[in-house]
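Here is what each chain is made of, one letter per residue.
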Amino acid sequence: MSFDFDARFIFAAVLSFPAAALSSSLGLGGGTLYIPILSLVAGLELKTAVSFSALMVTGGSIGSVICQLSDNGHKSSIDIEIVLLSEPCMLLGVSIGVICNAMFPEWLVTILLVIFFSYNTYKTCLYGIKLWMEESRDHETCENALTQPSGDHGIGIKSKTPWVKIGTLVTIWLSFFALSLLRGNRYGKGILHIRACGTLYWSLFGSQILLALVFTFIILFISKSSKERGNRGEYALVTMNPMAIPAVALVAGVVGGLFGIGGGTIVNPIFLQLGLNPRVTVATSSVMVLFSSSMSAIQYLISGMEDVRKAGVYAGISFIASLLGFFVIKRAITKSGRISVAVLLISLIIGLSAVFMAVYEGIDIWRNGHLNGHLNFKKLC
């Protein structure tokens, strides 16, 4: 396994630092920025870049969650109810996305990436413009929006640490992790050394679907019972169908597993459009990204990730950058009174990423003649 600190590796690492600092501070994960850097600058193949990105998002989200929990100036803004309701379907979506990544030809992954980047650019830009107009109209600092969760949306952030709910989250994650280890990769390499794509292989995958459904309905039942008793707790999205949350989480998980981006760029704009307070959105999304990206990274590792040591270096850079970026960008936003600038900048970068990725893959297909032999879907096993 080669591990050379060449110029392209170093340049990509340098660019990854501000990308991690910016994206982690907004709970976006950063995969939409990492993949173009790894593919265009570091020169990695697209699918290798996707697997690296999953590990980098995990590193950055760990740093982001640590910062959220250690922000002593404010009570925790993590809405644990949303995370609980989202996690089972999000982890199921990650498994589906990783399988799709192994089967899809590279040109199709590129097309889907460009479509996703373009859509995300549009939605993020709209939100940035809306936020800019609100900031201009209200003449208030962005600190109020980021540090004072609004009661208009039924947000109740408890000061006590909800250890039972945290334990439930960890239990759900470990359950999916255990099933992934038992199932192994597409070559049959796992704890049980089962036949790849055999009956037991797909039975274990099907058990993940059952697990997601059981956990989701139990959490929905408990949340409903709690609200009927008048204890709204931390459940923020009281104005929408609760089933919409796991549905959004499932899509975010598939996208995160397929592209190695964590899913924050899916759930973040949706939560903001639903009226969730920006600070609560960022904090909650960061935790969701941590669970989904870590599962995605582990599944890529099980599947045989290339150059794991290089991926670990990039992940370490993302972790350090997220720690620094959280406080630096928070201070900058508080001082300027405009978070919209950062949001608009991210939408611009993602839009350029879509263009660069399309041009890069088009040149690669033309130069290497991939159209003659790489149009077909690959067999999973």
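For clarity, every value in this text was computed on a predicted model and none was experimentally measured.

## So, the overall build of the chain
Broken down by element type, the chain carries 13 helices and zero strands. Helices (α) and strands (β) of the chain occur, in sequence order from the N terminus, as α-α-α-α-α-α-α-α-α-α-α-α-α. Out of the 381 residues in the chain, the part that is buried amounts to 55%. Sequence separation of at least 24 residues holds for 84% of the intrachain contacts in the chain that already meet a minimum separation of 6. If you sum the accessible surface of the chain, you get close to 17000 Å²; carbon and sulfur atoms cover 67% of it.

## Observations concerning the packing of aromatic side chains
Counted under the stated rule, the structure contains five aromatic pairs. Ring centres of tryptophan 202 and phenylalanine 205 lie 5.8 Å apart, and the angle between their planes is 90 degrees; on these two criteria the pair is classed as edge-to-face. Of the two residues, tryptophan 202 and phenylalanine 205 both sit in helix 8 (residues 199-228), three residues apart, roughly one turn of that helix. Taking relative accessible area as the criterion, tryptophan 202 reaches 37% and is therefore assigned partly exposed.

## A look at helix 2 (residues 31-41)
Because an α-helix packs 3.6 residues into every turn, residues spaced three or four apart end up facing the same way. In terms of residue burial, helix 2 counts as a mostly covered element, since ten of its eleven residues are buried. For helix 2, the full list of buried residues reads Gly31, Thr32, Leu33, Tyr34, Ile35, Pro36, Ile37, Leu38, Ser39 and Val41. A positive backbone phi angle near 80 degrees is found at glycine 43, which sits one or two residues after helix 2.

## Some words on the confidence of the model for the chain
Confidence along the chain averages 76 in pLDDT terms, with 76% of residues attaining 70 or more. Across the chain, the element-wise mean pLDDT spans from 46 in helix 6 (residues 142-147) up to 87 in helix 1 (residues 7-25). Note on residues 232-239: pLDDT is under 50 here. Beyond four places in sequence and across chains, it has 32 contacts.

## What to know about the nonpolar core
Among the nonpolar cores identified, the biggest contains 88 residues, and Leu38, Phe259 and Tyr314 are the most heavily contacted of them. Looking at this core, the element that brings in the most residues is helix 11 (residues 278-302), giving twelve residues.

## Re the packing of helix 2 against helix 3 (residues 46-70)
Between helix 2 and helix 3, the least distance of the axes is 9 Å, while the angle of their chain directions is 135 degrees. The orientation of helix 2 with respect to helix 3, classified from their angle, is oblique. Relative to helix 3, the crossing made by helix 2 is right-handed. Along the contact surface, helix 2 presents Gly31, Tyr34, Ile35, Leu38 and Ser39, while helix 3 presents Leu46, Ala49, Val50, Phe52, Ser53, Met56 and Val57. Residue composition of the contact of helix 2 with helix 3, by class: nine nonpolar, three polar and no charged.

## Some thoughts on the environment of asparagine 268
As for its placement among the helices and strands, asparagine 268 is situated in helix 10 (residues 264-273). C-alpha of asparagine 268 to C-alpha of glycine 27: the two residues are 241 residues apart in sequence and 7.3 Å apart in space. For asparagine 268, the contacting residues outside a window of four places in its chain are Leu26, Gly27, Leu28, Thr281 and Ser285.

## Topic: the environment of glycine 60
Along the chain, the position of glycine 60 falls in helix 3. Residue glycine 60 is classed as buried on the basis of its relative accessible area of 0%. Here glycine 60 is in contact with Ser24, Ser318, Phe319 and Ser322, once residues within four sequence places are set aside.

Rules of the game
- Each residue is numbered by its place in its chain's sequence as written, counting from 1.
- The predicted origin of the model limits local features to residues at a pLDDT of at least 70 and limits the giving and counting of side-chain atom pairs to 80 or more, whereas totals for whole chains, interfaces and linings rest on all residues.
- Based on all heavy atoms of the structure, the side-chain values leave hydrogens and waters out of the count.
- Strands are runs of DSSP state E lasting at least two residues, helices are runs of H or I lasting at least four, and both sets are numbered from the N terminus onward.
- The rule is simple: take the accessible area with a 1.4 Å probe, protein chains only, and divide by the maximum for that residue type; under 20% is buried, over 50% is exposed, in between is partly exposed.
- Any two residues whose heavy atoms approach within 4.5 Å at even a single point are treated as in contact.
- Shrake-Rupley sampling with a 1.4 Å probe provides the accessible areas, and residues are treated as covered by the protein chains on show and by no other component.
- When the centres of two rings from Phe, Tyr and Trp lie within 6.5 Å, Trp using its six-membered ring, the rings pair. Their planes under 30 degrees apart give stacked, over 60 give edge-to-face, and anything left gives tilted.
- pLDDT: the predictor's confidence for each residue, scored from 0 to 100.
- The definition of a nonpolar core used throughout is a set of buried Ala, Val, Leu, Ile, Met, Phe, Trp, Tyr and Cys residues joined through side-chain atoms within 4.5 Å.
- Whenever a helix is involved, its axis is fitted only over the stretch in contact; in every case the axis is a line through C-alpha atoms, and angles between N-to-C directions fall within 0 to 180 degrees.
- Reported orientations rely on four angle classes, namely roughly parallel under 35 degrees, roughly antiparallel over 145, roughly perpendicular from 65 to 115, and oblique for the rest.
- Crossing handedness follows the turn of the near helix against the far one: under a right angle anticlockwise gives a left-handed crossing, and clockwise gives a right-handed one.
- Under the grouping applied here, Gly and all other residues not named as nonpolar or charged are polar, the nonpolar ones being Ala, Val, Leu, Ile, Met, Phe, Trp, Tyr, Cys and Pro and the charged ones Asp, Glu, Lys and Arg.

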